[in-house]
Amino acid sequence: CYSKLVLVAVADLAPGDPRTTTVCRLPPTAVPDLALSELPPDAVATAHVAAGSIITDAMITTVAGPAAHATAAEVVVPIADPLLTADSTLLVAGVDVVVFSEGVELSGAARIVDIDHDVAFVAVPTVDAAAVAAAAQLRAASLAFPGSN
């Protein structure tokens, strides 16, 4: 039987977590096109990865800093808010948020990737980045937490 070697997550990974993987043999029909069979030593997760997931190129990065947790279609924008605290239980990397400014939704597909004191680093789609960055610079950006389905 023909098989391919792929990396599989052995534990749940959060954005920024170092690699925790094992190599498995799977039938080619079960392997995504961008599946990896090895990782660079400094690779970290870009988003939440569930245990048992096949690791693909989009799930890891070797880039440092908050941008390490963004995909190629995202930009990370720092949003300062005096109500944010680094020890908040609501604000953790990987949490989905919506960015508003003056009652207008600027990005409905944002995700917190890092927090430093009163600054949340938020990955937003590239098309939303300019508006979110402008509002953040004016300290007019607000984060909201969408409900789950």
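Draft legend 1. Structural context of the nonpolar core. One finds Ile79, Val99, Ile112, Val122, Val124, Val132 and Leu143 to be the most contacted residues of the largest nonpolar core, which totals 19 residues. Every element with two or more residues in this core is listed here: strand E5 (74–80), strand E6 (96–101), strand E7 (104–116), strand E8 (119–125) and helix H1 (126–137). Beyond its immediate chain neighbours, meaning those up to four positions away, leucine 143 contacts Ile79, Val97, Val98, Val99, Ile112, Ala120 and Val122. Within the second largest apolar cluster, 10 residues are counted, among which are Ala9, Leu36, Ala45 and Ile60.

Draft legend 2. Structural detail: H1. Helix length check: H1, at 12 residues, gives a terminal C-alpha distance of 17 Å against a target of 16 Å (1.5 Å per residue), a fit within 8%. Residues of H1 that are buried sit in contact with E5, E6, E7 and E8. Immediately downstream of H1, the backbone of arginine 139 shows phi near 55°, a positive value.

Draft legend 3. Geometry of unusual backbone geometry. Residue glutamate 102 is not a glycine yet carries a positive backbone phi of 50°. Turning to its location among the elements, glutamate 102 is positioned in the loop between E6 and E7. Accessibility expressed as a relative area gives 76% for glutamate 102, which makes it exposed. Look at arginine 139: it is not a glycine, yet its phi comes out positive at around 55°. Residue placement: arginine 139 occurs in the loop between H1 and strand E9 (142–144). The class of arginine 139 is exposed, set by a relative accessible area of 53%.

Draft legend 4. Summary view of the sheet that holds E9. Taken in spatial order, the five strands line up as E5-E8-E7-E6-E9 in an open sheet, and their pairing is antiparallel. Sheet topology places E5 and E9 at the edges, where each strand pairs with a single neighbour. Within the sheet, the average angular offset between the axes of one strand and its neighbour, ignoring direction, is 45°. Taken together, the five bridges between E7 and E8 define a ladder with antiparallel strand orientation. The partner of aspartate 114 across the bridge, within E8, is phenylalanine 121.

Draft legend 5. Main features of the pattern of salt bridges. The tally for this structure, following the rule as stated, stands at one salt bridge. Where glutamate 74 meets arginine 111, a salt bridge forms, and the shortest distance between an N and an O atom there is 2.6 Å. Of this pair, glutamate 74 sits in strand E5 while arginine 111 is found in strand E7, placing the two residues 37 residues apart along the sequence. The residues glutamate 74 and arginine 111 share a single accessibility class, namely buried.

Draft legend 6. Molecular detail of empty space enclosed by the protein. The final tally for this structure, using the stated rule, is one cavity of 30 Å³ or more. The volume enclosed by the largest cavity comes to roughly 50 Å³. Residue lining of the largest cavity: 13 residues in total, with Leu13, Arg19, Val44, Ala45 and Ile60 positioned closest to the centre. Taken together, the residues of the lining of the largest cavity break down into 10 nonpolar, one polar and two charged.

Draft legend 7. Focus on the environment of arginine 19. Mapping arginine 19 onto the fold places it in the loop between strand E1 (4–9) and strand E2 (21–26). The class for arginine 19 is partly exposed, based on a relative accessible area of 42%. The sequence separation of arginine 19 and leucine 39 amounts to 20 residues, and the corresponding C-alpha distance is 8.0 Å. Setting aside residues up to four positions removed in sequence, arginine 19 forms contacts with Leu39, Pro40, Pro41 and Ala43.

Rules and cut-offs
Residues numbered from 1 in each chain as written. Predicted model: local features only at pLDDT ≥ 70, side-chain atom pairs only at ≥ 80, totals over all residues. Heavy atoms only, no water. Core = buried A, V, L, I, M, F, W, Y, C linked by side-chain atoms within 4.5 Å. Buried < 20%, exposed > 50% of the residue type's maximum accessible area, 1.4 Å probe, protein only. Helix = DSSP H or I, 4+ residues; strand = E, 2+ residues; numbered from the N terminus. Contact = heavy atoms within 4.5 Å. Expected span 1.5 Å × (residues − 1). Pairing = 2+ DSSP bridges. Axes fitted to C-alpha atoms, helices over the stretch in contact; angles between N-to-C directions. Salt bridge = Lys/Arg side-chain N within 4 Å of Asp/Glu carboxyl O. 1 Å grid on protein atoms, 1.4 Å probe; cavity = no way out; pocket = protein on both sides within 12 Å on 5 of 7 lines; lining within 4 Å. Points joined across faces, edges and corners; volume = space filled by probe spheres on them. Nonpolar A, V, L, I, M, F, W, Y, C, P; charged D, E, K, R; others polar.

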